[in-house]
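# Understanding the architecture of this molecule
For reference, the chains in residue letters:
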Amino acid sequence: MPNVTRRSLLLGAGGAAVSPAVAKTYKRGMKDHVAIVGAGVFGAWTAHHLQQQGHRVTLIDAHGPGHTRSSSGGESRLTRAAYGKDAIYTRMAMDSLPQWKALSAASGLPIFIPAGILFFFPTEEPYVHDSIAAHRKFGLPTDVLTRAEMARRFPMIDFDGIQVGLYEPGFGALMARRSVLTLVDRLVKAGGTYVTGAVQPPGSSSGKFNELFLSSGERIAADRFVFALGPWLPKLFPEVIGERILATRQEVFFFAPPAGDRRFLPGAMPGWADFNGGDIFYGFPDLESRGVKFAHDAHGLQVDPDTQDRRPSEAALAEIVAYRDRRFPLLRSAPLTESRVCQYENSSNGDFLIDFHPRLKNVLLVGGGSGHGFKHGPEVGRYAAGRLLDSVKPEPRFSLATKSEVHHREVH
């Protein structure tokens, strides 16, 4: 085992939802030792749930929790329950929300910001009706708004060409990097181990996997293993994953609102998504004075997460500015305050991958966040822990068998 101290990774941060009783049980009588590779949102929440159940956990990441090249880095993510016909994700978002709130309440700084979420559409398409039906089924409070109602409630947005909106008052924004750092910090404080290290590919063996090898020469032995590597999953398992998961370039931009203008603050302005005839744009209010965020949800060019150029492109900025000036006229000429180049890791159909390696019976593969996965982190972690320990019924949509090397995104 590496010589790693169990010191805090984030001095001064508050705790996640780990009670003293759970921590004491964990320290008294360990169960299996689980090694988790990847300290992003999926890996960190899986580690949390396994530790809650009394297992010894070692969490490993090549660059650190929520690092700048990861899909869990950066600032803000939407949490919302509108998923059209894909009610499985409505339920997962709903069940994840109280876990996010508990983490936020204990973290010392906000992780969940209750800004509300507004989706708006040019027509009353099936996505709208299916989302309303799912919300009613699960008892979620959702307002169905006309164009006039939206214009009165959200005057910072120009709703020209929009017919209907769905407003989810109970949802909002998640602070991405902060949440991952807090989870890993609490894992360590409760007796878990975090290691910075680059894991070598497991090879082509079959049966039971016994230990990981780090590029440093260190070894980590464990009873079970989880690989939650985001866009690096195909790189570590090229024969198993191949092009079933692809990394695509995504660019986001932040603009300064007018000085003293409170219309762009959370509580006045919601998180939002403009379905725009299927060509989705989305964004956030001015969270923690970072600026108003805009992004285009279309999949960009396929990239390598290790080598892609992280400088924003003039073409992407021009596209966002043109959209901003049309839909948010009060922000015309607003100065750019920052930008970020990241990536989605898209599965072939947009569903998550949470399934066992076909040859290594104690290795679970977790990935395919597909740009919408962050909000589901708590429930992905709970389900992944259950699959690893054979305590939940497998969900066919998350199986490796449903992933193809021909991509056709079906989940939005």
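Values in this document were obtained by computation on a predicted structure and should not be read as measured data.

## Quick word on the overall build of the protein
Scanning the protein from N- to C-terminus turns up nine helices and 19 strands. Compactness check: the protein gives a C-alpha radius of gyration of 21 Å against a globular reference of 22 Å for 412 residues, within 12% of the reference. When the backbone C-alpha atoms are referred to their principal axes, the protein occupies close to 60 × 45 × 45 Å. When burial is assessed residue by residue, the protein has 57% of its 412 residues classed as buried. Put simply, of all contacts in the protein between residues at least 6 apart along the chain, 77% involve residues at least 24 apart.

## So, the packing of aromatic side chains
Overall, the coordinates contain 23 aromatic pairs when judged by the stated rule. Ring geometry for Phe119 and Phe275: centres 5.4 Å apart, planes at 45°, overall tilted. Residue Phe119 is found in strand E5 (residues 117-121), and its partner Phe275 is found in the loop between strand E14 (271-274) and strand E15 (281-284); the two are separated by 156 residues along the sequence. Residue classification places Phe119 among the buried positions, given a relative accessible area of 3%. Plain terms: the ring middles of Phe121 and Phe275 are 4.5 Å apart, the flat faces sit at 40° to each other, and that makes the pair tilted. Of this pair, Phe121 sits in strand E5 while Phe275 sits in the loop between E14 and E15; the two residues are 154 residues apart in sequence, bridging distant segments of the chain. The buried category is assigned to Phe275, whose relative accessible area is 5%. Positioned over the ring face of Phe374 is Arg77, at 5.4 Å from the centre of the ring.

## As for empty space enclosed by the protein
It is a probe the size of a water molecule, rolled over the atoms, that shows where empty space is left. In the structure shown here, the tally under the stated rule is one cavity of 30 Å³ or more. Size it by volume and the largest cavity reaches roughly 50 Å³. Lining the largest cavity, in full, are Glu75, Ser76, Met175, Phe254, Phe284, Pro285, Leu287, Arg290, Gly291 and Lys293. Grouping the constituent residues of the lining of the largest cavity by class yields five nonpolar, two polar and three charged.

## Some remarks on the pattern of salt bridges
With the rule as written, the count across this model stands at 25 salt bridges. Between Glu288 and Arg178 there is a salt bridge; the shortest N-O distance is 2.8 Å. Here the residue Glu288 occupies a position in the loop between E15 and strand E16 (292-296), and Arg178 occupies one in helix H6 (residues 176-189), the gap between them amounting to 110 residues. Each of Glu75, Arg177, Arg290 and Glu338 takes part in a single network of salt bridges with overlapping partners.

## What to know about the environment of Pro258
Inspection of the secondary structure puts Pro258 in the loop between strand E13 (245-255) and E14. Sequence-wise, Pro258 and Ala334 are 76 residues apart; in three dimensions their C-alpha atoms are separated by 7.4 Å. With sequence-adjacent residues up to four places away left out, Pro258 is seen in contact with Phe264, Leu330 and Leu331.

## Digging into the nonpolar core
When a protein is soluble and globular, its nonpolar side chains tend to lie buried together. Of all hydrophobic cores here, the largest spans 70 residues; its most connected members are Phe119, Ile354 and Val366. Among the elements that make up this core, the one with the highest residue count is helix H3 (residues 87-107) (seven residues). Setting aside its immediate chain neighbours within four residues, Val366 contacts Phe42, Val226, Phe227, Ala228, Leu229, Leu233, Leu353, Ile354, Val380 and Ala384.

## Overview of the side chain of Glu345
Along the chain, Glu345 turns up in strand E17 (residues 336-347). We note that Glu345 is buried and unpaired, the nearest opposite charge coming from Arg77 at a distance of 8.5 Å. A polar contact is formed between the side chain of Glu345 and the side chain of Ser71, at a distance of 2.6 Å. Beyond its immediate chain neighbours, meaning those up to four positions away, Glu345 contacts Ser71, Gly230, Pro231, Ile245, Leu246, Ala247, Gly368, Gly369 and Ser370.

## Remarks on the sheet that holds strand E4 (residues 112-113)
Spatially, the three strands line up as an open sheet ordered E3-E8-E4, and their pairing is antiparallel. Edge strands, defined here as strands with exactly one partner in the open sheet, are strand E3 (76-79) and E4. Alignment of E4 against strand E8 (residues 172-175), held across two bridges, turns out to be antiparallel. Bridge pairing in E8 links Ile113 to Ala173. This element, H6, spans E3 and E8 of the sheet and lies at about 55° to E8.

## Quick look at the packing of H3 against H6
Where H3 contacts H6, the two axes come as close as 11 Å, and the packing angle between them is 80°. One element, H3, and the other, H6, form an angle in the roughly perpendicular class. Taking contact as the criterion, the partners of Trp100, Leu103 and Ser107 in H3 are, on H6, Ser179, Thr182 and Leu183. Class assignment for the residues of the contact of H3 with H6 results in three nonpolar, three polar and no charged.

## Some remarks on the sheet that holds E15
Ordered in space as E6-E7-E5-E14-E15-E16-E13-E17, the eight strands form an open sheet in which the pairing is mixed. Bordering the open sheet on either side are strand E6 (143-146) and E17, each of which pairs with just one other strand. Taking the axes of each pair of neighbouring strands and ignoring which way they run, one obtains an average angle of 20° across the sheet. Relative to strand E7 (residues 164-168), helix H4 (residues 126-138) is tilted by about 30°, and along the sheet it contacts E5, E6 and E7.

## Examining the side chain of Glu251
Take Glu251: it is sitting in strand E13. Look at Glu251 and you get buried, because its relative accessible area is 13%. In terms of polar contacts, Glu251 uses its side chain to reach the backbone amide nitrogen of Ser313, at 2.9 Å. Ignoring any residue separated from it by four or fewer positions in sequence, one finds Glu251 in contact with Ala295, His296, Pro312, Ser313, Ala316, Arg340 and Val341.

Rules used in this analysis
- Residues numbered from 1 in each chain as written.
- Predicted model: local features only at pLDDT ≥ 70, side-chain atom pairs only at ≥ 80, totals over all residues.
- Heavy atoms only, no water.
- Helix = DSSP H or I, 4+ residues; strand = E, 2+ residues; numbered from the N terminus.
- Rg over C-alpha atoms; globule rule 2.2 N^0.38 Å.
- Buried < 20%, exposed > 50% of the residue type's maximum accessible area, 1.4 Å probe, protein only.
- Contact = heavy atoms within 4.5 Å.
- Phe/Tyr/Trp six-rings, centres within 6.5 Å; stacked < 30°, edge-to-face > 60°.
- Lys NZ or Arg CZ within 6 Å of the ring centre and 35° of its normal.
- 1 Å grid on protein atoms, 1.4 Å probe; cavity = no way out; pocket = protein on both sides within 12 Å on 5 of 7 lines; lining within 4 Å.
- Points joined across faces, edges and corners; volume = space filled by probe spheres on them.
- Nonpolar A, V, L, I, M, F, W, Y, C, P; charged D, E, K, R; others polar.
- Salt bridge = Lys/Arg side-chain N within 4 Å of Asp/Glu carboxyl O.
- Core = buried A, V, L, I, M, F, W, Y, C linked by side-chain atoms within 4.5 Å.
- Lys, Arg positive; Asp, Glu negative; His and termini not counted.
- Polar contact = N/O pair within 3.5 Å; in protein donor to acceptor, adjacent residues only side chain to side chain.
- Pairing = 2+ DSSP bridges.
- Axes fitted to C-alpha atoms, helices over the stretch in contact; angles between N-to-C directions.
- Parallel < 35°, antiparallel > 145°, perpendicular 65-115°, else oblique.

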